[in-house]
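In case you want the letters, here they are:
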Amino acid sequence: MKFMKLGSKPDTFQDQGKGVRYVSSELATDVTIIIGEVKFYLHKFPLLSKSNRLQRLVSKANEEDSGEMQLVDFPGGPKAFEICAKFCYGMTVTLNPYNVVAARCAAEYLEMTEDADRGNLIFKIEVFLNSSVFRSWKDSIIVLQTTKSLLPWSEDLKVVGRCIDSIASKTSMDPSTITWSYTYNRKVAVSDRITEVGVKFPVNLESVPKDWWAEDICELEIDLYKRVMIAVKAKGRMDGNVIGEALRTYAMRWLPDSIEALVSEAHSRRNKSLLETIICLLPSDKGVTCSCGFLLKLLKVAILVGADDSSREDLIRSISLKLDEASVNDLLIPSRSPQTTVYDVELVKCLVDRFMARERSRDKNISAKSTNDFVLGHGSWLKVGKLVDGYLTEIARDPNVSLSSFIELLQSVPDSARPIHDALYGAIDIYLQEHSSLTKAEKKHLCGLMDVRKLTMDASMHAAQNERLPLRTVVQVLFFEQIRAAAGVQALNNRNSNALDSTRKTEEYWQKTLPEKHNVSKPSSVMKVKDENPQKNMKLVKKGSKNRSSGAQLLPSRSRRIFDKLFVVGKVSGNVENRSSETSGSSHSPTSMIIKGEIKSSGSSSRNRRHSIS
């Protein structure tokens, strides 16, 4: 912090209650100046020699035969006038960042210019501002804060503008040259360390971060902060990520954490103005340089404080550009009346739809990109698919979430965004549990959106025992698990067969390459391998055929009973074509495929027999 002392005389002012008297034995005071409730008993000559305005006021007072002059709306109040009066008397005046603006405005009011006296107060204050204050990062911020109470004088004298320009210029400097950030300097440790043995070792100071200035200017009120940030962006030398981080820091500093404080009548208007200002200051590239989590938090606050539609639309557009970076917690945006759900499901669906529309528009030009770009581009699809499934799991517990809203959000991401349906199955299961009033047809429709072929083994085992699922879904799970088991056995047989063929070819090769005199019978060890493999293969095939014919080897007792009931032909009489509504309606129904296979293998005696699965 810089100081400036003006004058040299030892004379002083004494505070006498509400009056301030200049103490001097040479002359009696002959003029009284009133500033607010404070009276100054002074001498005319020192004042008139340096103030053009006081010259006019004293002349007018003499004509009216009055010894008192009241200065109305004096900028800076009594303390600022005291500085000017001391300067007129030639006394020592100490200027600092906290009082220099008030002194400058008071000197302007009193017209203490070079016309009245050479080297007057205005000139000296301007020298102090330009040579000291505006060159200091800390002092520029302090001075800018003091200008708030001195409007419009500080604005007209361009003190505000010069402070803002000074701050904006310093933010864009190379961080490696920064030595005067007072917040940063408080965080940095001393430049050396004393060990236990008393030897000093130098410690490398941490490099100054690019956003070193963000915390410092958070002390500014929102109107001044806005002007500083506009000036920073106008310089064109600040990275958008740094600007986004600065805005996040300011929002965390001033926006309350609790919902009650955000919407309270005492602060709602202030919070709304603050939020709308932060939104308008977002980087010009529609917020891409800000984190998606920060943008979603702003959107939550915007909904709570009732921000204008344009601000909310700007946030929604920015969030939709990078929705793949969001988390499920970020999307848990509370709903507002007249919505009855806990969270704003429609808003999340809007975000997902915009993101997917943008991704699909990018795919139109995918041929001009490399294969790697294509893969990377669709990585965002997978992230959003996982995000939506996690969000569905959260809202599934809300009894007010309608089936149509749940399904619309479920279908908002393409099938390629869900390579595995475990999370989707979990969300559907929770929804069925919390919405027990769903009809049979509604459950069937909801579960039909899940592809049981994309369930892992654990999820399939859970689904096979889940009594909340429609019977048709359970049948599909059992069927595809049998196909998967059969495919695994077949693959194992193929590997064994390939190994046997390889062994046989190796034996033939070595037999051909042996000399004629050594062409004797094969070693018993080789013969043993050749003889034993077919037996093992027969065992494996027999085991595989058992797995294909029933689910006993893979499924728990309940699922085995269902499977036996469904697929053991001939236990219940009837016609195959008469199926219940639970297993009909699809040309590739697993039930019809299995029954058809059983009839074909069971002979003519079982063709006229059936069982019902309704």
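Our subject is the structure listed above.
Residues numbered from 1 in each chain as written. Predicted model: local features only at pLDDT ≥ 70, side-chain atom pairs only at ≥ 80, totals over all residues. Heavy atoms only, no water.

Q: For this particular structure, what's the right way to read the overall build of the protein chain?
A: Scanning the protein chain from N- to C-terminus turns up 26 helices and 9 strands. Counting over 614 residues, the protein chain shows a buried share of 43%. If you take every contact in the protein chain between residues at least 6 apart in sequence, the share linking residues at least 24 apart comes to 69%. Counting every atom, the protein chain has about 33,300 Å² of accessible surface; 51% of that belongs to carbon and sulfur. (Helix = DSSP H or I, 4+ residues; strand = E, 2+ residues; numbered from the N terminus. Buried < 20%, exposed > 50% of the residue type's maximum accessible area, 1.4 Å probe, protein only. Contact = heavy atoms within 4.5 Å. Areas by Shrake-Rupley, 256 points an atom, 1.4 Å probe, with all protein chains shown as cover.)

Q: What is the right way to look at the packing of helix α20 (residues 422-434) against helix α21 (residues 440-447) in this model?
A: The description of two packed helices rests on the angle between their axes and on the distance between the axes. Between α20 and α21, the shortest axis-to-axis distance is 11 Å and the interhelical angle comes to 165°. In terms of orientation, α20 lies roughly antiparallel with respect to α21. Helix-helix and strand crossings are classified by hand; for α20 and α21 the assignment is right-handed. Contacts from Ile-428, Tyr-431 and Leu-432 in α20 reach Lys-443, Leu-446 and Cys-447 in α21. (Axes fitted to C-alpha atoms, helices over the stretch in contact; angles between N-to-C directions. Parallel < 35°, antiparallel > 145°, perpendicular 65-115°, else oblique. Left-handed = near helix turned anticlockwise from the far one by under 90°.)

Q: When you look at the pairing of strand β5 (residues 38-42) in this model, what are you seeing that I'm missing?
A: Across a regular strand the side chains alternate sides, sitting on one face of the sheet and then on the other. Burial of the side chains of β5 is restricted to one face: Val-38, Phe-40 and Leu-42 are buried, whereas none of Lys-39 and Tyr-41 on the reverse face is. Strand direction decides the pairing type here: strand β4 (residues 31-35) and β5, joined by 5 bridges, are antiparallel. Within β5, the residue paired with Ile-33 across the bridge is Phe-40. (Pairing = 2+ DSSP bridges.)

Q: Honestly, the pattern of salt bridges in this entry has me stumped. Any pointers?
A: Side chains that differ in charge, positive against negative, can pair when their charged atoms come close. All told, the structure shown has 21 salt bridges when counted by the stated rule. Between Glu-325 and Lys-322 there is a salt bridge, with its nearest N and O atoms 3.6 Å apart. For Lys-322, a relative accessible area of 7% gives the class buried. In this structure, the salt-bridge partner of Lys-349 is Asp-353, at a minimum N-O distance of 2.8 Å. Residue Lys-349 and its partner Asp-353 are both found in helix α17 (residues 345-363); the two are separated by 4 residues, about one turn of the helix. You can call Lys-349 buried: its relative accessible area is 19%. (Salt bridge = Lys/Arg side-chain N within 4 Å of Asp/Glu carboxyl O.)

Q: How do you make sense of helix α19 (residues 403-410) when you look at a structure like this?
A: For an α-helix the count is 3.6 residues per turn, leaving residues at separations of three or four pointing the same way. The buried count for α19 comes to 6 of 8 residues, which makes it a mostly enclosed element. Of the residues making up α19, those classed as buried are Leu-403, Ser-405, Phe-406, Ile-407, Leu-409 and Leu-410.

Q: Would you mind going over the nonpolar core with me for this structure?
A: In a soluble, globular protein the nonpolar side chains are often hidden away together inside. In terms of nonpolar packing, the biggest core is built from 146 residues, with Ile-33, Phe-81, Trp-213, Ile-217, Leu-323 and Phe-406 touching the most fellow members. At 11 residues, the largest contribution of residues to this core is made by helix α14 (residues 292-305). No fewer than three residues from each of domain 1 (4-135) and domain 2 (239-321) sit in this core. When residues no more than four places from it in sequence are discounted, the contact partners of Ile-33 are Val-38, Lys-39, Phe-40, Leu-42, Leu-47, Leu-54, Met-69, Leu-71 and Phe-81. (Core = buried A, V, L, I, M, F, W, Y, C linked by side-chain atoms within 4.5 Å. Domains from an automatic or database assignment.)

Q: Any chance you could explain helix α10 (residues 222-235) here in plain terms?
A: A rise of 1.5 Å per residue sets the reference length of α10, with its 14 residues, at 20 Å; its end C-alpha atoms lie 20 Å apart and thus fit the reference within 8%. For α10, the complete set of buried residues consists of Leu-224, Tyr-225, Val-228, Met-229, Ala-231 and Val-232. End-on, the buried residues of α10 take up no more than an arc of 160°, which puts them together on one face. Two residues or fewer past α10, Gly-236 is found with a positive phi of approximately 70°. (Expected span 1.5 Å × (residues − 1). Arc of directions from axis to C-beta.)

Q: Before we go on, may I ask you to explain the layout of surface pockets in this structure?
A: One simple way to see leftover space: roll a probe sized like a water molecule over the atoms. Volume-wise, the largest pocket comes out at about 440 Å³. Forming the boundary of the largest pocket are 17 residues, of which Leu-255, Pro-256, Asp-257, Lys-297 and Val-301 lie nearest the centre. If you list the elements that add at least two residues to the lining of the largest pocket, you get α11 (240-254), α12 (259-263) and α14. At 7 residues, α14 tops the list of elements feeding residues into the lining of the largest pocket. Classifying every residue of the lining of the largest pocket by side-chain character gives 12 nonpolar, 1 polar and 4 charged. (1 Å grid on protein atoms, 1.4 Å probe; cavity = no way out; pocket = protein on both sides within 12 Å on 5 of 7 lines; lining within 4 Å. Points joined across faces, edges and corners; volume = space filled by probe spheres on them. Nonpolar A, V, L, I, M, F, W, Y, C, P; charged D, E, K, R; others polar.)

Q: How do you make sense of the packing of aromatic side chains when you look at a structure like this?
A: The way to describe two aromatic rings as a pair is by their centre distance and the angle between their planes. The full count for this structure, using the stated rule, is 9 aromatic pairs. Plain terms: the ring middles of Phe-479 and Phe-480 are 5.0 Å apart, the flat faces sit at 70° to each other, and that makes the pair edge-to-face. Residue Phe-479 is classed as buried on the basis of its relative accessible area, which comes to 7%. By relative accessible area, Phe-480 is classed as partly exposed at 21%. (Phe/Tyr/Trp six-rings, centres within 6.5 Å; stacked < 30°, edge-to-face > 60°.)

Q: Just to check I follow, could you spell out the packing of α10 against helix α13 (residues 268-280) for this structure?
A: With their axes 11 Å apart at the nearest point, α10 and α13 run at an angle of 0° to one another. As judged from the angle between their axes, α10 and α13 are roughly parallel. Judged by residue contacts, Ile-222, Lys-226 and Lys-233 of α10 engage Leu-274, Thr-277 and Cys-280 from α13.

Q: Where do I start with the side chain of Ser-311 in this structure?
A: Topologically, Ser-311 is positioned in helix α15 (residues 309-320). Here Ser-311 is in contact with Glu-276 and Ile-279, once residues within four sequence places are set aside.

Q: Even after reading the chapter, I still don't get the environment of Val-100, so can you show me in this structure?
A: Mapped onto the elements of the fold, Val-100 is located in helix α4 (residues 100-110). Here Val-100 falls in the buried class, since its relative accessible area comes to 0%. Along the sequence, Val-100 and Ala-80 sit 20 residues apart, while their C-alpha atoms lie 8.9 Å from each other. Excluding anything up to four places from it in sequence, Val-100 contacts Ile-125, Phe-128, Leu-129 and Val-143.

Q: What is the right way to read the state of the cysteines from this model?
A: What is meant by a disulfide is a covalent connection between two cysteines, made through their sulfur atoms. If you walk through the whole model with that rule in mind, you get 0 disulfides. Between Cys-88, a free cysteine, and Cys-84, which holds the nearest cysteine sulfur, the sulfur-to-sulfur gap is 6.9 Å. Under the relative-accessibility criterion, Cys-88 is labelled buried at 7%. (Disulfide = S-S within 2.5 Å.)

Q: Please explain the environment of Ala-464 as it appears in this structure.
A: Along the chain, Ala-464 falls in helix α22 (residues 457-464). Of the residues examined, Ala-464 reaches a relative accessible area of 0% and is grouped as buried. Sequence separation of Ala-464 and Val-474 is 10 residues, and the distance between their C-alpha atoms is 5.3 Å.

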